Amino acid sequence: MIQVNTLVKSFGSVNVLKGINLNVQEKEVVVLLGASGSGKSTLLRCLNFLEIYDDGEIYIFGEKRDPHKSNLNQIRQEVGMVFQHFNLFPHKTVLENVIEAPIHVKKIKKKTAIDTAYDLLDKVGLRDKAHEYPGMLSGGQKQRVAIARALAMAPRVMLFDEPTSALDPELVGEVLQVMKQLAKEGMTMIVVTHEMGFAREVADRVVFMSDGKILEEAHPEQFFVNPQTERAQQFLRSIL
Ligand code: ADP
Ligand code: MG
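Residues numbered from 1 in each chain as written. Chains lettered and ligands numbered in written order. Predicted model: local features only at pLDDT ≥ 70, side-chain atom pairs only at ≥ 80, totals over all residues. Heavy atoms only, no water.

**Structural notes on the pairing of strand E10 (residues 213–218)**
Working step 1: In this structure, strand E9 (residues 205–210) lies alongside E10, joined through five bridges in antiparallel fashion. When the sheet's bridge partners are listed, Phe208 is paired in E10 with Glu216.
Working step 2: Joining the antiparallel neighbours E9 and E10 is a turn of two residues, in which Asp211 adopts a positive phi near 50°. (Pairing = 2+ DSSP bridges. Helix = DSSP H or I, 4+ residues; strand = E, 2+ residues; numbered from the N terminus.)

**Quick notes on the side chain of Glu162**
Working step 1: Note on placement: Glu162 falls in the loop between strand E7 (157–161) and helix H6 (169–184).
Working step 2: Of the side chains with opposite charge, Lys40 lies nearest to the buried Glu162, which makes no salt bridge, at 4.8 Å.
Working step 3: Reaching out from Glu162, the side chain makes a polar contact with the side chain of Ser165 at a distance of 2.7 Å. (Buried < 20%, exposed > 50% of the residue type's maximum accessible area, 1.4 Å probe, protein only. Lys, Arg positive; Asp, Glu negative; His and termini not counted. Salt bridge = Lys/Arg side-chain N within 4 Å of Asp/Glu carboxyl O. Polar contact = N/O pair within 3.5 Å; in protein donor to acceptor, adjacent residues only side chain to side chain.)

**Thoughts on the site of ligand 1**
Working step 1: If you check the shell around ligand 1, you find Phe11, Val16, Ala35, Ser36, Gly37, Ser38, Gly39, Lys40, Ser41 and Thr42 and nothing else.
Working step 2: Taking Lys40, its side chain carries an N or O atom lying 2.8 Å from an oxygen atom of ligand 1.
Working step 3: Between an oxygen atom of ligand 1 and a side-chain N or O atom of Ser41, the distance comes to 2.9 Å.
Working step 4: When the free accessible area of ligand 1 is taken as 560 Å², the share hidden by the protein chains comes to 57%.
Working step 5: Looking at the shell around ligand 1, the element that brings in the most residues is helix H1 (residues 40–47), giving three residues.
Working step 6: Taken together, the residues of the shell around ligand 1 break down into three nonpolar, six polar and one charged. (Near = heavy atom within 4 Å. Areas by Shrake-Rupley, 256 points an atom, 1.4 Å probe, with all protein chains shown as cover. Nonpolar A, V, L, I, M, F, W, Y, C, P; charged D, E, K, R; others polar.)

**Remarks on the sheet that holds strand E2 (residues 14–24)**
Working step 1: Taken in spatial order, the four strands line up as E2-E1-E4-E5 in an open sheet, and their pairing is antiparallel. The open sheet is flanked by E2 and strand E5 (63–64), the only strands paired with a single partner.
Working step 2: Across two bridges, strand E4 (residues 55–60) lies against E5 in antiparallel orientation. Looking at the pairing, Tyr59 lines up with Lys64 of E5.
Working step 3: In this fold H1 packs onto strand E1 (2–11), E2 and E4, with an angle of close to 120° to the strand it touches most, E1. (Contact = heavy atoms within 4.5 Å. Axes fitted to C-alpha atoms, helices over the stretch in contact; angles between N-to-C directions.)

Below is the structure:
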């Protein structure tokens, strides 16, 4: 579904991604781990072309995506992203947030977009909040709206960048629950998270990054029980 070959990205003189190779299969859930600054967000942002990489190749659904030739809007529709900070439009209701991009970017009929939006709000347990404004919602509810909004574009892959890191601890579970359900339904997902319980339970594979490189890839049980590199051992000690 996604193939990344020797991806390189620098910001000025700082080389942030140093030749990333990564393959993600359809329906696979990959959890991306690594210390702060290791390049996880930059990698996700390159995958939906919020950042333009300097060198390497990205294939999505078997097609090479060239940032200078491909239609970036099209790619961003196929690859949904959820951020740590939900970035909802504060002056739009929950429903309006969810239908905005389908109507204005995808040119879907309003009636259809609204029907889909209600289905998605059902899925994340927030149909009853459809006409409220984000300011009235808890952080966990906002993040669930953000997930519904990303799903409204019918992406084939979902990227999550620390979706629960900004939440009070008691609100983390409801967001993870929605993500678990998505995984169960067969969504292909790449998730950056520090929720090790989620990684253990839901991930098909853990990818460990350090200093712009992938150091380890393993099944979660194998990674958590028996990390191979000193860096990974250090990382696990620091978070567990
Ligand atoms: P992570 O998500 O693993 O914490 P990031 O991908 O956010 O890591 O950052 C990796 C490195 O790239 C950091 O050193 C960070 O300061 C740098 N970086 C990220 N984005 C930018 C940017 N837009 N401009 C300059 N440096 C950046
Ligand atoms: Mg990050």
